[in-house]
Amino acid sequence: MRHGSIPGARGRVRPLTLFGDPVLGAPCAEVTDFGPALSRLVEDMFATMYAARGVGLAANQVGESLRVFVYDCPDDEDVRHLGHVVNPRLVETGGVVVRGPEGCLSLPGLEAGTERYDEAVVEGFTATGEPVTVRGTGFFARCLQHECDHLQGRLYVDRLTGWRRRRVLRRAARAPWNRAAREDAGES
Ligand SMILES: [Zn+2]
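Given the structure is predicted, the values throughout are model-derived calculations rather than measurements. (Residues numbered from 1 in each chain as written. Predicted model: local features only at pLDDT ≥ 70, side-chain atom pairs only at ≥ 80, totals over all residues.)

Participant: Please clarify how the UniProt feature "active site" (unreviewed entry) in the protein should be interpreted in this entry.
Facilitator: Mapped onto this structure's residue numbering, the UniProt feature "active site" (unreviewed entry) falls at Glu 147. Within the fold, Glu 147 resides in helix H2 (residues 138-151). Exposure remark for Glu 147: the 25 C-beta atoms within 10 Å place this residue in the buried category. Among residues more than four places away in sequence, those in contact with Glu 147 are Gly 56, Ala 58, Phe 69 and Tyr 71. (UniProt positions renumbered as here; feature names shortened; annotations may be inferred. Helix = DSSP H or I, 4+ residues; strand = E, 2+ residues; numbered from the N terminus. Buried ≥ 20, exposed ≤ 12 C-beta atoms within 10 Å, placed from the backbone. Contact = placed C-beta atoms within 7 Å.)

Participant: Please clarify how helix H1 (residues 36-51) should be interpreted in this entry.
Facilitator: In an α-helix, one turn spans 3.6 residues; hence positions three or four apart end up facing the same way. For H1, which comprises 16 residues, the first-to-last C-alpha distance of 23 Å matches the rise-based estimate of 22 Å (1.5 Å per residue) to within 8%. Taken together, the buried positions of H1 are Leu 38, Leu 41, Val 42, Asp 44, Met 45, Phe 46, Ala 47, Thr 48 and Met 49. Residues of H1 that are buried make contact with strand E1 (56-58), strand E2 (68-74) and strand E3 (80-103). At the C-terminal side of H1, Arg 53 shows a positive phi close to 60°. (Expected span 1.5 Å × (residues − 1).)

Participant: Sorry if this is basic, but what is going on with the UniProt feature "binding site: Fe cation" (unreviewed entry) in the protein here?
Facilitator: Within this structure's numbering, the places UniProt gives as "binding site: Fe cation" (unreviewed entry) are Cys 104, His 146 and His 150. Across 47 residues in sequence, these annotated residues keep their C-alpha atoms within 10.1 Å of one another, forming a single compact spot. Mapping His 146 onto the fold places it in helix H2. Assessed through the 25 C-beta atoms surrounding it within 10 Å, His 146 is described here as buried.

Participant: Explain the nonpolar core here, please?
Facilitator: One broad trend across soluble globular proteins is that nonpolar side chains are buried collectively. Ranked by internal contacts, the top residues of the largest apolar core, which has 43 residues, are Val 42, Met 45, Ala 59, Phe 69 and Val 70. Not counting residues within four places of it along the chain, the set of residues in contact with Met 45 comprises Leu 57, Ala 59, Val 62 and Val 70. (Core = buried A, V, L, I, M, F, W, Y, C linked by C-beta atoms within 7 Å.)

Participant: Any chance you could explain the pairing of strand E5 (residues 131-137) here in plain terms?
Facilitator: The side chains of a regular strand alternate, residue by residue, between the two faces of the sheet. Note: strand E4 (residues 111-125) against E5, seven bridges, orientation antiparallel. Pairing of Gly 124 across the sheet is with Val 132, part of E5. Here E4 folds back onto E5 in antiparallel fashion, the turn holding five residues, of which Gly 129 has a positive phi close to 90°. (Pairing = 2+ DSSP bridges.)

Participant: Help me understand the pairing of E2, please; the structure alone is not making it clear to me.
Facilitator: For E2, a buried count of five out of seven residues is recorded, marking the element as mostly surrounded by other parts of the structure. Where E1 and E2 come together, three bridges link them in antiparallel fashion. Bridge pairing links Gly 56 to Tyr 71 in E2. Of the strand pairs in this sheet, E2 and E3 are connected by seven bridges, and their pairing is antiparallel. The residue of E3 that forms the bridge with Cys 73 is His 81.

Participant: So what exactly am I meant to see when it comes to unusual backbone geometry here?
Facilitator: Glycine aside, negative phi is the norm for most residues, and most peptide bonds take the trans geometry. Phi angles above zero are rare outside glycine, and Arg 53 is one such case at about 60°. The phi torsion at Asp 78 lies on the positive side, around 65°, for a residue other than glycine. Structurally, Asp 78 is set in the loop between E2 and E3. By C-beta crowding, Asp 78 is classed as exposed, having 8 other C-beta atoms within 10 Å.

In structure tokens form, the structure reads like this:
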């Protein structure tokens, strides 16, 4: 593989937006400009995702409220899935609903058992405007649903109820990254 074709190799690692940042709670805008700035954003998102050792990343996690996500994620058969989707639509979900451990780069160090469909199909476009269809099962289907949620302004914690939700919110409130963010904002 040529060096230049490795996703993220030319990208810039951007700061991650963290739980509590309003950009994570708002629906992202449709992409209308498929120009070089979009390709740069996708490159930066890959660089940021790899630097954070994530398996997926949505654009609002680097502060851009646009409907774009990237992924490099295994499924339950250890098949690697690598790509990006612009203006994704979750067109199909199916199979059994599985509660499995789920985390998010915007809530570092935390995870909770979250219910997701075992199968998901996403339709959208590449950064150059070519239509793409992405099919996932198992952990990769979970990733696709998680990233589509981000672009609607939803986090996995929004899908939790009861003690699972209370526990992750309590841990988020005590997390070192959250305390530091509050102090940066001048709150005590
Ligand atoms: Zn996430």
